[in-house]
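Here's the letter readout for the chains.
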Amino acid sequence: MQTNFLSQQFNAGFLAENPTACPANATICDGTSCVLPDDNFNQTLSVVLSTVLTIMLALVMFSMGCNVELKNFLGHIKRPWGIFVGFLCQFGIMPLTAFLLSLAFNILPIQAVVVLIMGCCPGGTASNVIAYWVDGDMDLSISMTTCSTLLAMGMMPLCLFIYTKMWTDSDAIVLPYNSIGTSLVALVIPVSFGIFVNHKWPSKAKIILKVGSIVGAVLIVVIAVVGGILYRGSWIISPKLWIIGTIFPAAGYILGFFLARIAGLSWHRCRTVSLETGMQNTQLCSTIVQLSFTPEQLELMFTFPLLYSIFQLLFALLILGGYRLYRRHHVKTQTDVEKTEQKEDSNSNAKINGGFVSDEMK
């Protein structure tokens, strides 16, 4: 312990005298930009937070399942037009957009690869929470997330093989099938319990849903903040990656919405497909990157998944805010519709009964 203390004192004094130098334990150094290995405290904090966030995410997905009607969910599986449109967006639009953006900005090969990995990832579970808040089709949202995660086991290797050939050998990219499987289990099991609760106790399911939707909104923000704290890199990311990280999720939202509309889906399903397209599983992308590349390569690419997650969240919040404003000023609430129908019924009864309107109808 005394040796460690003296070492820390020496490092602190050395850095004070040499502000441009990197710490002795830095794994990557480039001038003043250093990547430090995680200390024991940071590793412990990461494990604790990962455990807590996993439990919270399972509870949120359980609550989202409480808004899924088993009959409607099975209907999407039996008549999977919406799921098919989502599939085209997820594994057609997103990898192609990533490829075109990489070409257009002429980024380094290793940076193009991380952009493509992000484009080939399945949809993230955060899309289910946002879909609920924009009155999307929750049955479609859950089924799309489930199917895209399942299909990712085959579609990710295929898309990466097609699009990364000009930059790297696709065999160099390690796909963590165990992480994909874990994501699938973490999604399917709590959602299944939620569907069961909604089927058996619909009144209790509504209460669980309201609580879970609020917790889910908080969880999305917490994950973004925690990710920013735990990614201890002080290097400056390439401006081109900043631009791509901004454009990419916005393009996913817009293209997903228009493709769904062209396919003839209803407005609330278009919003759902849009969110499922733009919101990617950034945690899976980070895992793939860490498993596949050296520390020197990570210096150029590691923060892109975090960058994408920040902007996909910002644009999702803008979509949510815009929709809420539109709904407040242009869309009748369910209560307004019921009152209008009730008034029309009372007027028709009045005509039939010679102008008499009962007190209950006034």
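Residues numbered from 1 in each chain as written. Predicted model: local features only at pLDDT ≥ 70, side-chain atom pairs only at ≥ 80, totals over all residues. Heavy atoms only, no water.

Per an unreviewed UniProt entry, the protein is named Ileal sodium/bile acid cotransporter, and its organism is Platysteira castanea. Of the comments in the UniProt record for the protein, the one headed Subunit (unreviewed entry) reads "Monomer and homodimer." Note on the protein: under the UniProt heading Subcellular location (unreviewed entry), the record states "Membrane". (UniProt positions renumbered as here; feature names shortened; annotations may be inferred.)

Attention shifts here to the overall build of the protein. Helix and strand counts for the protein stand at 15 helices and two strands. In the protein, which comprises 362 residues, the share counted as buried stands at 43%. Taking the intrachain contacts of the protein between residues at least 6 apart in sequence as the baseline, contacts between residues at least 24 apart amount to 81%. Roughly 19,400 Å² of accessible area belongs to the protein as shown, and the carbon and sulfur atoms make up 66% of that amount. (Helix = DSSP H or I, 4+ residues; strand = E, 2+ residues; numbered from the N terminus. Buried < 20%, exposed > 50% of the residue type's maximum accessible area, 1.4 Å probe, protein only. Contact = heavy atoms within 4.5 Å. Areas by Shrake-Rupley, 256 points an atom, 1.4 Å probe, with all protein chains shown as cover.)

With their axes 9 Å apart at the nearest point, helix H4 (residues 81-105) and helix H11 (residues 267-278) run at an angle of 35 degrees to one another. For H4 against H11, the interelement crossing comes out right-handed. Across the interface between the two elements, Val 85, Gly 86, Cys 89, Gln 90 and Met 94 of H4 pack against Val 273, Glu 276 and Thr 277 of H11. When the residues that make up the contact of H4 with H11 are grouped by side-chain class, the tally is four nonpolar, three polar and one charged. (Axes fitted to C-alpha atoms, helices over the stretch in contact; angles between N-to-C directions. Left-handed = near helix turned anticlockwise from the far one by under 90°. Nonpolar A, V, L, I, M, F, W, Y, C, P; charged D, E, K, R; others polar.)

Once that is clear, we can look at the UniProt feature "transmembrane region" (unreviewed entry) in the protein. Mapped onto the present numbering, the UniProt feature "transmembrane region" (unreviewed entry) falls at residues 45-63, 83-105, 112-134, 140-163, 175-195, 207-229, 241-263 and 306-326. Between the end C-alpha atoms of residues 306-326 there is a gap of 30 Å, over a span that is 100% helix and 0% strand.

Any two side chains of opposite charge can pair, so long as their charged atoms come close to each other. For the structure shown, the criterion picks out two salt bridges. Across the pair Asp 137 and Arg 269 runs a salt bridge whose closest N-O atoms are separated by 2.8 Å. Here Asp 137, found in the loop between helix H6 (126-133) and helix H7 (138-163), pairs with Arg 269, found in helix H11; they are 132 residues apart in sequence, far enough to count as distant. What makes Asp 137 buried here is its relative accessible area of 7%. (Salt bridge = Lys/Arg side-chain N within 4 Å of Asp/Glu carboxyl O.)

Moving on, we get to the side chain of Thr 145. For Thr 145, the location among the structural elements is in helix H7. Polar side-chain contacts of Thr 145 include one of 3.0 Å to the side chain of Asn 128. Setting aside chain neighbours within four positions, we find Thr 145 in contact with Gly 123, Gly 124, Thr 125, Ser 127, Asn 128, Leu 187 and Glu 276. (Polar contact = N/O pair within 3.5 Å; in protein donor to acceptor, adjacent residues only side chain to side chain.)

Considering all chains together, one arrives at one cavity of 30 Å³ or more under this definition. Considering only enclosed or pocket space, the largest cavity measures out at about 60 Å³ in volume. Lining of the largest cavity is provided by Ile 83, Gly 86, Phe 87, Gln 90, Phe 91, Met 144, Cys 147, Ser 148 and Leu 151. Contributing elements (two or more residues each) for the lining of the largest cavity: H4 and H7. Element by element, the count of residues in the lining of the largest cavity is highest for H4, at five residues. (1 Å grid on protein atoms, 1.4 Å probe; cavity = no way out; pocket = protein on both sides within 12 Å on 5 of 7 lines; lining within 4 Å. Points joined across faces, edges and corners; volume = space filled by probe spheres on them.)

Here Met 56 lies in helix H2 (residues 40-65). Once the C-alpha coordinates of Met 56 and Gly 216 are considered, the two residues, 160 residues apart in sequence, prove to be 8.1 Å apart. In contact with Met 56, not counting residues within four places along its chain, are Val 215 and Leu 219.

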